[in-house]
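So you can see what is in the structure, the chains are spelled out below.
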2 protein chains.
Amino acid sequence: MKKIVIIGAGNVATHIASELFNKGFEICQIFNRTLSNAVVLANKVEADAIDDASYMVKDADLYIISLSDGVINDFVNQIYFEPKLIVHTAGSIHINVLDKFKNYGVFYPLQTFTKGRKLNFKTIPICIEANNEDSKKTLQQLAEKLSNNIHDLSSEQRKQCHLAAVVANNFTNHFYSIANEILKAKGISFDIIRPLILETANKVQELSPIESQTGPAVRNNLKVIDDHKKQLPTPELEKLYSFVSQSIIDLHKK
Amino acid sequence: MKKIVIIGAGNVATHIASELFNKGFEICQIFNRTLSNAVVLANKVEADAIDDASYMVKDADLYIISLSDGVINDFVNQIYFEPKLIVHTAGSIHINVLDKFKNYGVFYPLQTFTKGRKLNFKTIPICIEANNEDSKKTLQQLAEKLSNNIHDLSSEQRKQCHLAAVVANNFTNHFYSIANEILKAKGISFDIIRPLILETANKVQELSPIESQTGPAVRNNLKVIDDHKKQLPTPELEKLYSFVSQSIIDLHKK
């Protein structure tokens, strides 16, 4: 595989394009509806920036669509040539969104990407799926150039992974925000719980989360739970605290 | 300071006693109601194990109470001598639980401790409080031997930190457990989201959690939220998903 076209210029597109470029792949074009964003990424990976699908090269070896879920279908409708192989990178979008093409698949890196943050791609799980064996083999070989952590998942399994990822990333990060609000209310810096947050995540790299669970709810210590509820700054947070505590009690009763 | 008595043999007592021992302090006694547990820790730190407060040495320089919140008061009622300095290590217990003594304080390491897990104590925030300046100075000097991250907090602030710690550790760990349940339902290993969990925690070591928030709720993407709710295995998890998503939407509306 030599030439790759990247469709999109957001967080995922930026990380994948940069990593492929660093691994020696030729990124020939970056397509994005907002040309200025395409230019930023194109400059990083020595590619051309385009904002019109009709200018897209037709002889690339791979087209990687890294767009928001809601606009993938619109983009697909703009493509009138037969690409050698075309994939999307979305966790919760079915492979069939690309079924008007002959060779298609999915290349989903299960990670949270932020522009400007360096990541070790070798440990990032890459979930692949394809509509035929040749395409799957091509994606497998590509994934192996980037990562040591490759998974062959169906669209249904990938969708379930995406849900788990939302819970394990978006929800936990939201609780970091709530912890921050709680600390701010008494003039304490978020710095004080950063080491705890890191150790919480480090612990489940080895242990299961069930083994790692500590605190008043798993001990069913209703006095501490009641005290904490009184300390919370809003009725919404109080309700959320009760709800999550009850969920911990229920899960560990099983 | 030379001689230290440790009261308790649980996770916190074990980590503190071991760290003090490694730093050259003399741990003379481990007190615990269950003698066999006291013996395990005492053997590690070359101390004597006792299960009766009347056998406690009266000339130690410091007594550290690392008991469950609910039994600290009972223990205090068993002490009839005047210790040089006595502290507890509990996040949510007021310093005044020790006010029958002359010199007392709090030495609260804000971290999640699991027996058998090695931790870098240097980064662990240690929150100290004392009833007089001499005692505070002694605790400050002790804390500096263990950590580079020392905080002078009132009982009220410490209690707030403990609440934030429950949210940032117990609650996030519970969401790791829920993610695990979601993955198990489709036969997928928890391994696939371990790198994501680690990066989520790593990201907020530098960024604020508000800056780090991603996902369907912060984008108010109701379609994905509805899809996810349908994927969840129980009505309780569906409710919890809605509740947390709404909380994310509300916080980011502010």
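A.B. asks: Go over the environment of A:F21 with me, naming the residues and quoting the values.
C.D. replies: Residue and element names in this part refer to chain A. Among the secondary structure elements, F21 is positioned in helix α1 (residues 11-22). In this structure, the C-alpha to C-alpha distance between F21 and H252, residues 231 residues apart in sequence, is 47 Å. Excluding residues within four positions of it along the chain, F21 makes contact with I27, K44, V45 and E46.

A.B. asks: Can you break down the interface of chain A and chain B residue by residue, with the values?
C.D. replies: Between chain A and chain B, the residue contacts involve 84 residues of the former and 84 residues of the latter. Carbon and sulfur atoms make up 66% of the surface buried where chain A meets chain B, a total of about 8,400 Å² over both sides. Between the two partners, chain A and chain B, sit six salt bridges. The residue A:R117 makes a salt bridge to B:E206 at a minimum N-O spacing of 3.4 Å.

A.B. asks: Can you tell me about the environment of A:F243, naming the residues and giving the values?
C.D. replies: All names here are of chain A. Residue placement: F243 occurs in helix α9 (residues 235-253). Judged by relative accessible area, which is 25%, F243 ranks as partly exposed. In sequence terms F243 and D226 are 17 residues apart; their C-alpha atoms lie 13 Å from each other.

A.B. asks: Can you break down the pairing of strand β4 (residues 62-65) of chain B residue by residue, with the values?
C.D. replies: Residues and elements named next belong to chain B. The side-chain alternation of β4 yields two buried faces, one formed by L62 and I64 and the other by Y63 and I65. As paired strands, strand β1 (residues 3-7) and β4 are joined by four bridges and run parallel to one another. Paired with V5 across the strands is Y63, a residue of β4. Alignment of β4 against strand β5 (residues 86-88), held across three bridges, turns out to be parallel. Across the sheet, the residue bridging to Y63 is I86, located in β5. Taken together, β4, helix α3 (residues 72-77) and β5 constitute a β-α-β crossover, and its handedness is right-handed.

A.B. asks: Give a detailed account of the packing of helix α6 (residues 194-206) of chain A against helix α5 (residues 155-184) of chain B, specifying residues and quantitative values.
C.D. replies: At their nearest, the axes of α6(A) and α5(B) sit 9 Å apart, and the two run at 25° to each other. Relative to α5(B), the element α6(A) lies roughly parallel. Between α6(A) and α5(B) the crossing geometry is right-handed. Between α6(A) and α5(B), the residues in contact are A:L196, A:I197, A:T200, A:A201 and A:V204 and B:A165, B:A168, B:N169, B:T172, B:N173 and B:Y176, respectively. The residue makeup of the contact of α6(A) with α5(B), split by class, is seven nonpolar, four polar and no charged.

A.B. asks: Describe the packing of aromatic side chains, and please don't skip the residues or the numbers.
C.D. replies: Taken as a whole, this structure holds 12 aromatic pairs over all chains when the rule is applied. Geometrically, the ring pair formed by A:F171 and B:Y241 is tilted, given 5.1 Å between the ring centres and 50° between the ring planes. One end of the pair, A:F171, is in helix α5 (residues 155-184); the other, B:Y241, is in helix α9 (residues 235-253), on a second chain. Residue B:Y241 is classed as buried on the basis of its relative accessible area of 2%.

A.B. asks: Give me the lowdown on the sheet that holds strand β2 (residues 26-31) of chain B, citing residues and values where you can.
C.D. replies: Two orientations exist for strands paired in a sheet by backbone hydrogen bonds: parallel and antiparallel. All names here are of chain B. Judged by pairing direction, the sheet is mixed, and its eight strands sit side by side in the order β3-β2-β1-β4-β5-β6-β7-β8 without closing on themselves. Two strands in the sheet have a free side with no partner beyond their single neighbour: β3 (48-50) and β8 (150-152). Sheet twist, expressed as the average angle between the axes of neighbouring strands with direction ignored, equals 25°. Lying over the sheet, helix α2 (residues 35-44) contacts β2 and β3, oriented at roughly 165° with respect to β3. In the packing of α5 onto the sheet, the strands contacted are β5, β6 (104-109), β7 (126-130) and β8, and the crossing angle to β6 comes to about 20°.

A.B. asks: I'd like a description of the sheet that holds strand β7 (residues 126-130) of chain A, backed by residues and values.
C.D. replies: Residue and element names in this part refer to chain A. With mixed pairing, eight strands are arranged side by side in an open sheet as β3-β2-β1-β4-β5-β6-β7-β8. The sheet terminates laterally at β3 (48-50) and β8 (150-152), the two strands that pair on one side only. Between one strand axis and the next, the sheet turns through 25° on average, direction left out of account. As paired strands, strand β5 (residues 86-88) and strand β6 (residues 104-109) are joined by three bridges and run parallel to one another. Counterpart to I86 in the pairing with β6 is Y104. Docked against the sheet, helix α4 (residues 133-146) engages β4 (62-65), β5, β6, β7 and β8, running at close to 165° with respect to β7.

A.B. asks: If you had to explain the side chain of B:S177 to someone new, which residues and values would you point to?
C.D. replies: As for its position among the elements, B:S177 is in helix α5. With a relative accessible area of 0%, B:S177 lands in the buried category.

What counts and how
Residues numbered from 1 in each chain as written. Chains lettered and ligands numbered in written order. Predicted model: local features only at pLDDT ≥ 70, side-chain atom pairs only at ≥ 80, totals over all residues. Heavy atoms only, no water. Helix = DSSP H or I, 4+ residues; strand = E, 2+ residues; numbered from the N terminus. Contact = heavy atoms within 4.5 Å. Buried area = accessible area lost by both parts, 1.4 Å probe. Salt bridge = Lys/Arg side-chain N within 4 Å of Asp/Glu carboxyl O. Buried < 20%, exposed > 50% of the residue type's maximum accessible area, 1.4 Å probe, protein only. Pairing = 2+ DSSP bridges. Right-handed = clockwise from strand over helix to strand, strands pointing away. Axes fitted to C-alpha atoms, helices over the stretch in contact; angles between N-to-C directions. Parallel < 35°, antiparallel > 145°, perpendicular 65-115°, else oblique. Left-handed = near helix turned anticlockwise from the far one by under 90°. Nonpolar A, V, L, I, M, F, W, Y, C, P; charged D, E, K, R; others polar. Phe/Tyr/Trp six-rings, centres within 6.5 Å; stacked < 30°, edge-to-face > 60°.

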